[in-house]
Amino acid sequence: MKQNYKLTIAYDGSRYFGWEHQPDKPTIQGKLEDVLTRMTGEPIDVIGAGRTDAGVHAKAMTANAVLDTELAPEDIRDYMNRYLPDDICVREVRAASGRFHARYKAVGKTYCYTCYTGALKPVFDRKYVLTLDRVPDVAAMQRAAALLVGEHDFKSFCGNPKMKKSTVRLVDRIEIVQKRDYLYLNFHGTGFLQNMVRILVGTLLEVGFGKRPAEEMPEILEARDRTRAGYTVPPQGLCLVKVDY
C-alpha cells in the first residue's frame with residue numbers, strides 16, 4: 001500500500017547544481033529520486049521544502065515522497081544512505097499523512113550564512129564559508145538588519161528579474177553574531193525569494209565595510225529595484241538549517 005513519507009536530509013551542495021532537477025546535471029532531488037526508484041522499482045517524485053541554489057548546503061532539508069514499500073521507515077533510511085553519495089545523508093524517515101506536502105505545509109525556514117574573518121586560511125572550512133579580508137563593522141550591520149526585519153516587498157533582493165508572483169515576504173529574525181574568527185548571519189522567515197538571503201548578506205556586508213549607510217535599507221526596499229541592493233555573495237557560505245511546520 002502506498003504511504004506518504006517525510007524525509008529529513010543533510011547535504012553538502014558543493015558539487016551539485018542545486019536541489020531541483022536539471023537535465024544531465026547532478027542535483028540533490030535527482031540523486032534521491034534515483035535511489036528511491038531503484039528501491040521501489042517505479043518512478044518516484046521527491047518534493048522538497050524549497051529549491052536551494054547550486055553550491056548551497058543543508059543540515060535539515062525536508063522533503064516528502066509517496067512510496068509503495070513494505071520496508072519500515074528506518075529501513076528506508078538505511079537503504080537510501082547505503083546507495084546515496086557520501087555528501088548526501090537521509091537523517092530521518094517518518095510516515096506522514098497523505099495531506100503532508102513538504103513545500104506547501106512549510107511555515108518557516110532558517111538559513112545561516114557563514115563568513116570567515118581570521119588571519120589564516122580556513123583550510124578545512126573553505127567550502128563552507130566566505131573568506132573576508134578584514135572584520136566588518138558588525139554593529140552597523142545589525143542596525144541595517146533591524147530595518148529589514150518585518151513584512152516587506154523584497155523585490156530589490158530578488159535574483160529573478162522575471163518574477164511574476166508576489167515578492168512580499170515576512171522576515172521575522174536576522175541575527176548577526178561574531179564568534180572568534182567566524183561571522184554568522186542567521187535569517188528566519190516564512191519564505192525567501194531566489195538568491196534573497198545571499199543578496200541580503202551582500203548588502204549587509206557592504207554596510208559593514210562602509211560602502212553604504214545602514215539607514216539606506218528602507219529606501220532599498222521601497223525602490224523595488226534589484227540594482228539598488230548589494231551584490232550576491234557566493235553560495236558556499238549558505239546553509240539551510242531548519243524548516244518549520
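As shown above, the structure is provided for reference.
First things first, this report covers the structure right here in the doc.

**Topic: the packing of helix 3 (residues 138-148) against helix 4 (residues 196-208)**
Then, in step 1: Where helix 3 meets helix 4, the axes come as close as 8 Å, and the angle between the chain directions of the two elements is 140°. Taken together, the axis directions place helix 3 and helix 4 in an arrangement best described as oblique. Considering only the axes of helix 3 and helix 4, their crossing is right-handed. Between helix 3 and helix 4, the contacting residues are Ala140, Met141, Ala144, Ala145 and Leu148 on the first element and Leu200, Leu204, Leu205, Val207 and Gly208 on the second.
Then, in step 2: Counted by class, the contact of helix 3 with helix 4 contains 9 nonpolar, 1 polar and no charged residues.

**As for the environment of Glu215**
Then, in step 1: Examined against the element boundaries, Glu215 turns out to sit in the loop between helix 4 and helix 5 (217-223).
Then, in step 2: For Glu215, a relative accessible area of 52% puts it in the exposed group.
Then, in step 3: In this structure the C-alpha to C-alpha distance between Glu215 and Lys105, which are 110 residues apart in sequence, comes to 35 Å.
Then, in step 4: Excluding residues within four positions of it along the chain, Glu215 makes contact with Arg143 and Leu147.

**What about the environment of Asp137?**
Then, in step 1: Note on placement: Asp137 falls in the loop between strand 6 (130-131) and helix 3.
Then, in step 2: Between the C-alpha atoms of Asp137 and Lys155, which are 18 residues apart in sequence, the distance is 26 Å.

**Brief notes about the nonpolar core**
Then, in step 1: One finds Leu32, Leu36, Phe157, Leu185 and Leu204 to be the most contacted residues of the largest nonpolar core, which totals 67 residues.
Then, in step 2: Tallying contributions element by element places helix 4 first for this core, with 8 residues.

**Digging into the packing of aromatic side chains**
The geometry of an aromatic ring pair is captured by two quantities: the separation of the ring centres and the angle between the planes.
Then, in step 1: Scanning the model with the defined rule gives 7 aromatic pairs in all.
Then, in step 2: Look at Tyr116 and Tyr182: their rings are 5.2 Å apart centre to centre, the planes differ by 65°, and that puts the pair in the edge-to-face class. Of the two residues, Tyr116 sits in strand 5 (residues 108-116) while Tyr182 sits in strand 9 (residues 182-189), which places them 66 residues apart along the sequence.
Then, in step 3: By relative accessible area, which is 22% here, Tyr182 ends up partly exposed.
Then, in step 4: An angle of 65° between the planes, with centres 6.0 Å apart, marks the rings of Phe154 and Phe157 as edge-to-face.
Then, in step 5: Members of the aromatic cluster, joined through ring pairs, are Tyr116, Tyr182 and Tyr184.
Then, in step 6: The ring centre of Tyr83 lies 3.9 Å from the NZ or CZ of Arg38, which sits over that ring.

**Quick look at the pattern of salt bridges**
Then, in step 1: Under the defined criterion, the tally for this structure stands at 12 salt bridges.
Then, in step 2: Glu92 serves as the salt-bridge partner of Arg94, at 3.1 Å between the closest nitrogen and oxygen.
Then, in step 3: One salt-bridge network, held together by shared partners, links Glu206, Arg212 and Glu216.

Cut-off values and rules
- Residues numbered from 1 in each chain as written.
- Predicted model: local features only at pLDDT ≥ 70, side-chain atom pairs only at ≥ 80, totals over all residues.
- Heavy atoms only, no water.
- Axes fitted to C-alpha atoms, helices over the stretch in contact; angles between N-to-C directions.
- Helix = DSSP H or I, 4+ residues; strand = E, 2+ residues; numbered from the N terminus.
- Parallel < 35°, antiparallel > 145°, perpendicular 65-115°, else oblique.
- Left-handed = near helix turned anticlockwise from the far one by under 90°.
- Contact = heavy atoms within 4.5 Å.
- Nonpolar A, V, L, I, M, F, W, Y, C, P; charged D, E, K, R; others polar.
- Buried < 20%, exposed > 50% of the residue type's maximum accessible area, 1.4 Å probe, protein only.
- Core = buried A, V, L, I, M, F, W, Y, C linked by side-chain atoms within 4.5 Å.
- Phe/Tyr/Trp six-rings, centres within 6.5 Å; stacked < 30°, edge-to-face > 60°.
- Lys NZ or Arg CZ within 6 Å of the ring centre and 35° of its normal.
- Salt bridge = Lys/Arg side-chain N within 4 Å of Asp/Glu carboxyl O.

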